[in-house]
Amino acid sequence: MFEVAILGFGTVGSGVAEVIDRNQKQLLREIPEGVHVKYILDLRDFPDSPYNDRVVHDIDIILNDPEIRVICETMGGKEPAFTFSKKALEKGISVVTSNKELVDSLGGTLAVIAKEHDCSYLFEASVGGGIPILRPLRTSFAQEFITSVTGILNGTTNYILTKMETEGLDFEEALKQAQDNGYAERNPEADIEGYDPCRKIAILASLVTGGNVKYQQVPCEGISRIDKQDLAYAKSLGRAVKLLGVCRHDEETNEVYVRTAPYMVQEGHPLYSVNDVFNGILVHGNMVGDLMFYGSGAGKLPTASAVVSDMVECIQNMGRNIDIGLKNTDAVLEDPEEYCERYFIRTGEEDKDRIAELFGDAIEYVTAPASGEIAFVTDMISCRSMKEKTAKLSAFKKAIRLL
Ligand code: HSE
């Protein structure tokens with residue numbers, strides 16, 4: 001048996017044990033000796049769990065056992081996850097994780113340590129839950145220059161927006177349903193303010209460019225200010241509001257534009273039909289064109305399945321590093337204020353005369369506006385220009401980007 005250890009026996013960690021046990025037969029096809037969870041590290045004991053006899057409270061028991069050659073870190077948070085992962089990698093033990101916070105902040109550092117010690121640091125489950133996306137980027141796109149990645153990367157907010165759109169629920173009602181169904185993070189702020197998808201697009205942008213993109217560098221806006229009227233406007237434009245992580249990679253300059261924000265997505269676009277808790281990630285390679293990845297972006301077993309897929313790859317590559325192309329250098333970011341997009345804008349009727357003066361003739365007015373409002377769509381303008389112009393509208397309400 002190939003012995004592994006799980007650090008953190010929460011939702012994903014216990015899911016990893018379940019995937020390994022329930023799908024041992026499937027794993028045997030890839031790992032003929034079989035895979036066995038020898039240790040589970042947690043502060044707690046689990047007297048009612050069949051795994052309780054494997055629970056330990058001291059990381060050194062795991063790190064000093066020569067049988068352990070792969071560790072699965074599902075603790076979450078930066079510490080002690082970083083220290084434990086670093087110590088393991090320095091001993092040549094590969095680490096697989098779903099911990100997007102750690103990957104986003106110190107993934108490059110850990111990837112370099114893994115390389116120096118002929119082992120691997122993989123984190124497929126940190127983006128898109130069960131959807132294979134990081135491995136395809138590294139393998140299937142090896143011959144490609146990836147020009148863009150655009151994703152619905154948060155199931156909770158996609159569920160909320162879908163409920164608001166299809167059942168006419170208010171934001172608060174839809175959020176409550178998401179919480180009742182167990183979708184929202186412990187702190188719903190991470191989902192609804194966009195921090196969770198922002199970390200995920202930062203990880204994707206890092207892999208696309210090979211340099212680190214930290215989520216603090218990524219402009220981030222969630223869906224808490226989206227209301228039912230926005231969805232009605234989107235519908236009248238043949239669009240749906242989606243919270244997107246966007247990464248545009250310039251083939252000539254190698255600069256990358258990254259953002260998380262709500263967008264009005266055109267009907268017919270592959271992301272338009274991604275509803276409920278599902279995630280969808282559209283990748284464009286300069287040779288292959290568009291490829292779409294779709295599936296469960298969250299949940300115990302889908303996420304655990306992605307962790308175990310990394311485990312399998314590590315076991316199959318024992319003694320050598322799986323190069324994920326991440327260096328410990330910073331990516332070159334394009335100034336997001338200068339990036340040009342089209343905007344949907346809502347303002348008060350009193351701004352009627354100022355609109356054409358500020359935005360020119362290329363604007364399209366949206367019919368059936370809410371009472372007392374004017375709504376229109378701009379031509380391509382920079383974020384800086386949009387902010388300067390809307391600051392001159394006396395009754396400006398909001399701007400939403402178009403895709
Ligand atoms: N809360 C996240 C989501 C799942 O709703 O997509 C974990 O990343």
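Everything here concerns the structure above.
Residues numbered from 1 in each chain as written. Predicted model: local features only at pLDDT ≥ 70, side-chain atom pairs only at ≥ 80, totals over all residues. Heavy atoms only, no water.

For the rest of this paragraph, the subject is the side chain of Asn 279. With respect to the secondary-structure elements, Asn 279 resides in strand S10 (residues 278-285). Among the residues examined, Asn 279 registers a relative accessible area of 0% and is labelled buried. Not counting chain neighbours up to four residues away, the residues in contact with Asn 279 comprise Gly 128, Ile 131, Ile 152, Leu 153, Asn 154, Gly 155, Val 274, Phe 293, Tyr 294, Gly 295 and Gly 297. (Helix = DSSP H or I, 4+ residues; strand = E, 2+ residues; numbered from the N terminus. Buried < 20%, exposed > 50% of the residue type's maximum accessible area, 1.4 Å probe, protein only. Contact = heavy atoms within 4.5 Å.)

Looking down a regular strand, the side chains alternate between one sheet face and the other. On strand S4 (residues 70-73), burial covers both faces: Val 70 and Cys 72 on one face and Ile 71 and Glu 73 on the other are all buried. With four bridges connecting them, strand S1 (residues 2-7) and S4 associate as parallel partners. When the sheet's bridge partners are listed, Ile 6 is paired in S4 with Cys 72. Considered for its hand, the β-α-β crossover made up of S4, helix H4 (residues 81-90) and strand S5 (residues 94-97) is right-handed. (Pairing = 2+ DSSP bridges. Right-handed = clockwise from strand over helix to strand, strands pointing away.)

By volume, the second largest pocket is sized at about 280 Å³. Around the second largest pocket, the lining comprises 16 residues; the ones closest to its centre are Leu 137, Phe 141, Ile 146, Leu 207 and Val 208. Going through the elements one at a time, helix H6 (134-138) and helix H10 (195-209) are the ones with two or more residues in the lining of the second largest pocket. For the lining of the second largest pocket, the class distribution of residues is nine nonpolar, four polar and three charged. (1 Å grid on protein atoms, 1.4 Å probe; cavity = no way out; pocket = protein on both sides within 12 Å on 5 of 7 lines; lining within 4 Å. Points joined across faces, edges and corners; volume = space filled by probe spheres on them. Nonpolar A, V, L, I, M, F, W, Y, C, P; charged D, E, K, R; others polar.)

Looking now at the sheet that holds strand S6 (residues 121-122). On the basis of which strands lie adjacent, the open sheet formed by six strands has the order S3-S2-S1-S4-S5-S6 and parallel pairing. At either margin of the open sheet sits one strand with a lone partner, and together these are strand S3 (55-56) and S6.

This part is about the environment of Cys 198. One can find Cys 198 in helix H10. Each residue touching Cys 198, except ones within four places of it in the same chain, is listed here: Tyr 215, Val 218, Cys 220 and Thr 260.

With that settled, the discussion passes to empty space enclosed by the protein. Taken as a whole, this structure holds two cavities of 30 Å³ or more when the rule is applied. Together, Leu 122, Phe 123, Glu 124, Leu 134, Arg 135, Arg 138, Leu 207, Asp 310 and Ile 324 line the largest cavity. Of the residues forming the lining of the largest cavity, the biggest block, three residues, is contributed by H6. Grouping the amino acids of the lining of the largest cavity by side-chain chemistry returns five nonpolar, no polar and four charged. Taken as a whole, the second largest cavity encloses approximately 50 Å³ of empty space. Taken together, Val 103, Asp 104, Gly 107, Phe 123, Ile 203, Ser 206, Leu 207, Asn 212 and Leu 326 make up the lining of the second largest cavity. Put simply, the parts of the chain that give the lining of the second largest cavity at least two residues each are helix H5 (100-116) and H10. For the lining of the second largest cavity, a count of residues per class yields five nonpolar, three polar and one charged. The residues that make up the lining of the second largest cavity include at least three from each of domain 1 (2-130 + 301-316) and domain 2 (136-296). (Domains from an automatic or database assignment.)

Our next topic: the packing of aromatic side chains. The full count for this structure, using the stated rule, is eight aromatic pairs. Here Phe 9 and Tyr 51 contribute two aromatic rings whose centre-to-centre distance is 5.8 Å and whose plane-to-plane angle is 65°, an arrangement assigned as edge-to-face. Placement of the pair is Phe 9 in the loop between S1 and helix H1 (11-22) and Tyr 51 in the loop between strand S2 (35-41) and S3, with a sequence separation of 42 residues. With a relative accessible area of 12%, Tyr 51 lands in the buried category. Taking the centre distance of 6.2 Å and the plane angle of 55° together, the rings of Tyr 365 and Phe 376 count as tilted. On the criterion of sequence distance, the pair formed by Tyr 365 in strand S14 (residues 364-365) and Phe 376 in strand S15 (residues 373-377) is long-range, its members being 11 residues apart. By relative accessible area, Tyr 365 is classed as partly exposed at 48%. Through pairs of rings, three or more aromatic residues link up here, namely Phe 9, Phe 46 and Tyr 51. (Phe/Tyr/Trp six-rings, centres within 6.5 Å; stacked < 30°, edge-to-face > 60°.)

This part covers the pairing of strand S11 (residues 289-296). As judged from the eight bridges shared by S10 and S11, these two strands associate in the antiparallel manner. When the bridges of S11 are listed, Phe 278 appears paired with Ser 296.

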